[in-house]
Amino acid sequence: MARIFKVMIQAVVCAVILIIPFFWLWAVPSVENHPIATDAETIAKGKYLTAAGDCTSCHTTEDGAAFAGGLKLDTPFGGIYSANITPSEKGIKGMTSAEFYQVLAYGSYKTFRPLYPAMPYPSYHLVTRSDSDAMFAYLMTQTPVDQSVPKNELSFPFNIRQLVLFWNVLFARRGPYEPDGSRDEVWNRGAYLVEGLGHCGACHTPHNSFGAAEHDRALAGTPLAGYEAPDIQPEALKRRGWNAEYLTEYFKTGRGPKGTAFKEMYLVVKNSLSLLTDEDRAAIATYLLDLPSAPTADGNVVLAASDGDTDEPYPEGRTLFLNNCSMCHGPRGKGVKDGAPPLAGNSTVAQVGGRNMIYAIVYGFPEPRSVPNSSPMPAFKDRLTPTQIVELANFLRHTFASETPDLPKITEADIEAILK
Ligand code: HEC
Ligand code: HEC
Ligand code: HEC
């Protein structure tokens, strides 16, 4: 008898746990509908904000019409296609400004049809209502594209959309950005852009096995396929020699004394950061560094120190560098203007795990992106043995990242991990 009682209690507890998400769903606040603005000023503001939110990188395919969606995002749970967000029947024509805001703020605008968090509402919830309305007004002026997007290719059970309701209960945060009164306006603007519209943490913050951001390790870096979105917390950035000036230049052009943006970050720069005002780029840098710009070491490491130096710890690496790399990156690793980036002081060389540096050597850059006029960098995976790559990589770190002490040594296991 007592056992049946226990089972019944367990069943009730389970039912309550299962029902919680639905309370949450009901709790998605019904928000007020606002008329869609049509004045030029609001539309221009909306255009700017969609750039700050980098909507293009996901909602426009390489040769596709603007905002027509259909880009496949590969997640550990399968492929998810971005939505058509042009004002067509197949897009957001029927949507209201209230529903659009609910998408950004709660990741859900239709009962029982939550969006997958591949749409970065876990960051966009910080967006203000007036910024949301401006983006909506701008999108409504776009050419409607009557194009449906392919069906998602998610594996079971992730193809059950309603499971996201539980995910939201466990992991989603809510509420627009609350300015920090102890900080100035610039810092707060930077925080709003980085944490909210810019959704930098979607790539740079480690995510748990449910695909939710680990907020206590915000911007601490995370491995991607074969390379990584590096640690961009203040300490890590400063250790690699970044300052406000270098960051703003990198955000504007995708290159600078600390190297180039070459993978996902290239698109972030092209479709978002390069289109912002100097003030907003500076605000982002201020927030990332969390203190007023203070120039740090300029990365011009003195290679001469090891010229003819009998104590050179990586003599073979040095020879490999001179024979394979110096013609583009310069004999002293200082790079070539509008050509190959400097390796001396390069932030990629100084990243702790070295994944991006190894990735660059192993696969090269068949189409240099941030420096379009330079010669493509060849892949060295068939030209150098893993042992040689180890020797070369350690030479690069010893010589060109000497301002970042105590970097772990690259081993063959690191090379094998990237080659996999
Ligand atoms: C990292 C990729 C990514 C970015 C960046 C992104 N989106 Fe999305 N968005 C998606 C995906 C994927 C979906 C579809 C999700 C689903 O099917 O559950 C989506 C869905 C939407 C929807 C819902 C459409 C519908 O009819 O259900 C809207 C509205 C939207 N996005 C607007 C935006 C806006 C505005 C921005 C920029 C501020 C933006 N998105 C940036 C990936 C992205
Ligand atoms: C033919 C010219 C060329 C050669 C040879 C070359 N590179 Fe490069 N390298 C480039 C270019 C161009 C880029 C920038 C790619 C981009 O931004 O898309 C680059 C980028 C890199 C990066 C990433 C730097 C950053 O800014 O983040 C590293 C690391 C690198 N090269 C190392 C090497 C090493 C080591 C060798 C020799 C084994 C080498 N390269 C040989 C042209 C070259
Ligand atoms: C879609 C994924 C993605 C998003 C979103 C993203 N990044 Fe990155 N970021 C990367 C990757 C990958 C790299 C390293 C390789 C490269 O250059 O693409 C990188 C590199 C960087 C670097 C250079 C670090 C170094 O040491 O070389 C900085 C700084 C940076 N990101 C800042 C930002 C900021 C600020 C935002 C938000 C406005 C942002 N990132 C959004 C993926 C992303």
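Residues numbered from 1 in each chain as written. Chains lettered and ligands numbered in written order. Predicted model: local features only at pLDDT ≥ 70, side-chain atom pairs only at ≥ 80, totals over all residues. Heavy atoms only, no water.

Colleague: I would appreciate a short explanation of the coordination of the iron atom of ligand 1 in the present structure.
Modeller: Perfect tetrahedral coordination of a metal by four donors corresponds to 109.5 degrees between them, and perfect octahedral coordination by six donors corresponds to 90 or 180 degrees. Taken together, the protein ligands of the iron atom of ligand 1 are H59 (NE2) and M119 (SD), with distances of 2.0 to 2.2 Å. Because the angles between the six donor atoms bound to the iron atom of ligand 1 fall within 86 to 179°, the donor set is best described as octahedral. In this pair, H59 sits in helix α3 (residues 55–59) while M119 sits in the loop between α4 (97–106) and α5 (121–124), placing the two residues 60 residues apart along the sequence. (Donors = N, O, S within 2.8 Å, 3.2 Å for Na, K, Ca; no water. Tetrahedral: all angles 85-135°; square planar, octahedral: opposite > 155°, others 65-115°. Helix = DSSP H or I, 4+ residues; strand = E, 2+ residues; numbered from the N terminus.)

Colleague: Can you help me understand a nonpolar patch on the surface in this one?
Modeller: Together, F5, I9, V12, V13, V16, I17 and I20 give the surface a local cluster of nonpolar side chains, amounting to about 640 Å² of exposed area. Judged by relative accessible area, V13 falls into the partly exposed class, the value being 44%. (Patch = residues over 30% accessible without salt bridge, like charges linked within 9 Å, V, L, I, M, F, W, Y side chains within 5 Å. Areas by Shrake-Rupley, 256 points an atom, 1.4 Å probe, with all protein chains shown as cover. Salt bridge = Lys/Arg side-chain N within 4 Å of Asp/Glu carboxyl O. Buried < 20%, exposed > 50% of the residue type's maximum accessible area, 1.4 Å probe, protein only.)

Colleague: Could you clarify how one ought to interpret the site of ligand 3 in this entry?
Modeller: Close to ligand 3 lie 29 residues, the nearest being C200, C203, H204, M265 and S347. Here an oxygen atom of ligand 3 and a side-chain polar atom of R240 are 2.7 Å apart. K263 has a polar backbone atom sitting 2.8 Å from an oxygen atom of ligand 3. Only α9 (201–204), β5 (228–229), α11 (244–253), α12 (264–271) and α13 (278–289) provide two or more residues apiece to the shell around ligand 3. Of the residues belonging to the shell around ligand 3, the class tally is 18 nonpolar, seven polar and four charged. Here the shell around ligand 3 spans two domains, and each of domain 2 (185–289) and domain 3 (303–419) adds at least three residues to it. (Near = heavy atom within 4 Å. Polar contact = N/O pair within 3.5 Å; in protein donor to acceptor, adjacent residues only side chain to side chain. Nonpolar A, V, L, I, M, F, W, Y, C, P; charged D, E, K, R; others polar. Domains from an automatic or database assignment.)

Colleague: Where do I start with the coordination of the iron atom of ligand 2 in this structure?
Modeller: Those protein atoms acting as donors to the iron atom of ligand 2 are H329 (NE2) and M377 (SD), and they sit at 2.0 to 2.1 Å. For H329, a relative accessible area of 9% puts it in the buried group.

Colleague: Before we go on, may I ask you to explain the domain arrangement of the protein chain in this structure?
Modeller: For interface size, the figure often reported is the accessible area lost on association. You can read the domains of the protein chain as domain 1 (21–171), domain 2 (185–289) and domain 3 (303–419). The straight-line distance from the C-alpha centre of domain 2 to that of domain 3 is 23 Å. Contact residues are listed per partner, giving 24 residues for domain 2 and 24 residues for domain 3. Taking both partners together, domain 2 and domain 3 bury about 2,000 Å²; carbon and sulfur atoms supply 51% of that area. On the domain 2 side of the contact with domain 3, E228, R240 and F262 bury the most area, a combined 29% of that side's loss. Summed over the shared surface of domain 2 and domain 3, the number is two salt bridges. Among the ionic pairs, K258 bridges to E403, the shortest N-O distance being 3.4 Å. Summed over the shared surface of domain 2 and domain 3, the result is 15 residue pairs in polar contact (both at pLDDT 80 or more). Across the side of domain 2 that touches domain 3, the residue classes tally to eleven nonpolar, seven polar and six charged. (Contact = heavy atoms within 4.5 Å. Buried area = accessible area lost by both parts, 1.4 Å probe.)

Colleague: Hey, could you run me through the nonpolar core in this one?
Modeller: Nonpolar side chains in soluble globular proteins generally cluster together in the buried interior. I284 and L288 are the most contacted members of the largest nonpolar core, which totals 47 residues. Among the secondary structure elements, those contributing two or more residues to this core are α2 (40–52), α4, α6 (129–139), α8 (185–197), α11, α12 and α13. Lining this core are residues from two domains, each supplying at least three of them: domain 1 (21–171) and domain 2 (185–289). Those residues in contact with I284 that sit more than four places away from it in its chain are G190, L193, V194, F251, L273 and L276. Membership of the second largest hydrophobic core comes to 28 residues, among which are A344, F380, F395 and I410. (Core = buried A, V, L, I, M, F, W, Y, C linked by side-chain atoms within 4.5 Å.)

Colleague: Sorry, what's going on with the pairing of strand β2 (residues 78–81) here?
Modeller: Across a regular strand the side chains alternate sides, sitting on one face of the sheet and then on the other. Relative to β2, strand β1 (residues 72–75) runs antiparallel, the two sharing four bridges. Looking across to β2, one finds that D74 is bridged to G79. Counting the residues between successive antiparallel strands, the hairpin from β1 to β2 contains two residues. Where β2 and strand β3 (residues 153–154) come together, two bridges link them in antiparallel fashion. (Pairing = 2+ DSSP bridges.)

Colleague: Quick question: what am I supposed to make of the site of ligand 2 here?
Modeller: Around ligand 2 lies a shell of 26 residues, among which C325, C328, H329, T348 and M377 are the nearest. N346 places a polar side-chain atom, nitrogen or oxygen, 2.9 Å from an oxygen atom of ligand 2. The separation between an oxygen atom of ligand 2 and a polar main-chain atom of R369 is 3.0 Å. For the shell around ligand 2, the elements supplying multiple residues, two or more each, are α15 (326–329), α17 (355–363) and α18 (386–400). Grouping the amino acids of the shell around ligand 2 by side-chain chemistry returns 17 nonpolar, eight polar and one charged. When residues of the shell around ligand 2 are assigned to domains, at least three fall in each of domain 2 (185–289) and domain 3 (303–419).

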